[in-house]
Amino acid sequence: MRLRLFAPLATLVFAGLAAAPQTASAQVSCTTSPSCFVDHTINLTVPAVLRFTIGAASTAITPTAAQVIAGSSGSIAGPSIQVISNRIFSLTAQTTTALWIGPVGTTKAAADLGFAFNGGASASLSTAATTLVAAGARGTQSYTSAFAVVLNPATDFDGAYSIVARFTITAP
């Protein structure tokens, strides 16, 4: 008999638990028959991507004596440039100084450095930024570059010269 009294009490306890309201704020369920569905939202946050790679840290230009006399080094391939971006971007180039660093007594202007971008016409670089790409497309973009130097045997003494060309990429 003792078992008989305990069994109805256990049934009552389990029935009470089943009837109690359950709250689970992160759960969604479906109980319709013969079929039902539950929607689940996936949220994704993609970070801004702006990757800028330049193919080489420097470009060597070694004109011949005939090129110095003619006044130009001719076109020399510069570095390849690659941009991977999921944003619109702009790309500029400029020199970091107004003069080349060269042998004592020389004052070679930065403007003597010509730069051609992506097969376009060569233009002089200076300390003012020159826009190469105004609104670059998203994705992977590859560009070519070339340099040419204006030479003058009367003012360009023999020796080593250098100037820094700075490429800047900006994404709003």
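Structural notes, computed from the coordinates. (Residues numbered from 1 in each chain as written. Predicted model: local features only at pLDDT ≥ 70, side-chain atom pairs only at ≥ 80, totals over all residues. Heavy atoms only, no water.)

With that settled, the discussion passes to the state of the cysteines. Within this structure, the stated rule accounts for one disulfide. One disulfide bridge connects cysteine 30 with cysteine 36, the sulfur atoms lying 1.7 Å from each other. Owing to a relative accessible area of 25%, cysteine 30 belongs among the partly exposed residues under this scheme. Since its relative accessible area comes to 38%, cysteine 36 is described here as partly exposed. (Disulfide = S-S within 2.5 Å. Buried < 20%, exposed > 50% of the residue type's maximum accessible area, 1.4 Å probe, protein only.)

Below, the discussion takes up the sheet that holds strand 3 (residues 81–85). One open sheet holds the three strands; their spatial order is 1-3-8, and the pairing between them is antiparallel. Each edge of the open sheet carries a strand with a single partner, namely strand 1 (50–54) and strand 8 (139–143). Strand after strand, the sheet turns through a mean of 10 degrees between neighbouring axes, direction not considered. In terms of strand pairing, strand 3 meets strand 8 through five bridges, oriented antiparallel. If you follow serine 85 over to strand 8, its bridge partner there is glycine 139. (Pairing = 2+ DSSP bridges. Helix = DSSP H or I, 4+ residues; strand = E, 2+ residues; numbered from the N terminus. Axes fitted to C-alpha atoms, helices over the stretch in contact; angles between N-to-C directions.)

With that out of the way, let us pick up the sheet that holds strand 5 (residues 113–117). Strand pairing in a sheet takes place through backbone hydrogen bonds and is either antiparallel or parallel in direction. Judged by pairing direction, the sheet is antiparallel, and its four strands sit side by side in the order 2-9-5-6 without closing on themselves. For this open sheet the edge positions go to strand 2 (76–77) and strand 6 (123–124), each flanked by a neighbour on one side alone.

All chains considered together, the criterion is met by four aromatic pairs. Three or more aromatic residues joined by ring pairs form one cluster here, namely Phe115, Phe117, Tyr143, Phe147 and Phe167. (Phe/Tyr/Trp six-rings, centres within 6.5 Å; stacked < 30°, edge-to-face > 60°.)

Among the structural elements, isoleucine 61 can be located in the loop between strand 1 and helix 2 (65–70). With relative accessibility at 27%, the residue isoleucine 61 sits in the partly exposed group. For isoleucine 61, the residues in contact, after removing those within four places along its chain, are Ser73, Ile76, Phe147 and Val149. (Contact = heavy atoms within 4.5 Å.)

Time to look at the pattern of salt bridges. Note that side chains of opposite charge can pair when their charged atoms are close. Within the structure shown, the criterion is met by two salt bridges. Between lysine 108 and aspartate 112 there is a salt bridge; the shortest N-O distance is 3.0 Å. Its salt-bridge partner being lysine 108, residue aspartate 156 comes within 2.9 Å of it at the nearest N-O pair. Within this pair, whereas aspartate 156 is found in the loop between strand 9 (145–149) and strand 10 (165–170), its partner lysine 108 is found in the loop between strand 4 (89–95) and strand 5, the two being separated by 48 residues in sequence. Salt bridges sharing common partners tie together Lys108, Asp112 and Asp156. (Salt bridge = Lys/Arg side-chain N within 4 Å of Asp/Glu carboxyl O.)

This part covers unusual backbone geometry. Despite not being glycine, asparagine 118 has its phi angle at roughly 55 degrees, a positive value. Looking at where asparagine 118 falls in the secondary structure, it is placed in the loop between strand 5 and strand 6.

Position of serine 73 among the secondary structure elements: in the loop between helix 2 and strand 2. Residues in contact with serine 73, not counting those within four places in the same chain, are Ile61, Pro63, Gln67, Ala148, Val149 and Leu151.

Next up on the list: the pairing of strand 5. Side chains on a regular strand alternate between the two faces of the sheet. By the criterion of burial, strand 5 is predominantly enclosed, with five of the five residues buried. Neither face of strand 5 is left uncovered, since the one carrying Leu113, Phe115 and Phe117 and the one carrying Gly114 and Ala116 both have all their residues buried. Both strand 5 and strand 9 contribute to a ladder of five bridges, which runs antiparallel. Each bridged residue has a counterpart across the sheet, and for phenylalanine 115 the counterpart in strand 9 is phenylalanine 147. As paired strands, strand 5 and strand 6 are joined by two bridges and run antiparallel to one another. When the bridges of strand 6 are listed, glycine 114 appears paired with serine 124.

Purely geometric stuff here, so don't read any function into it on its own.
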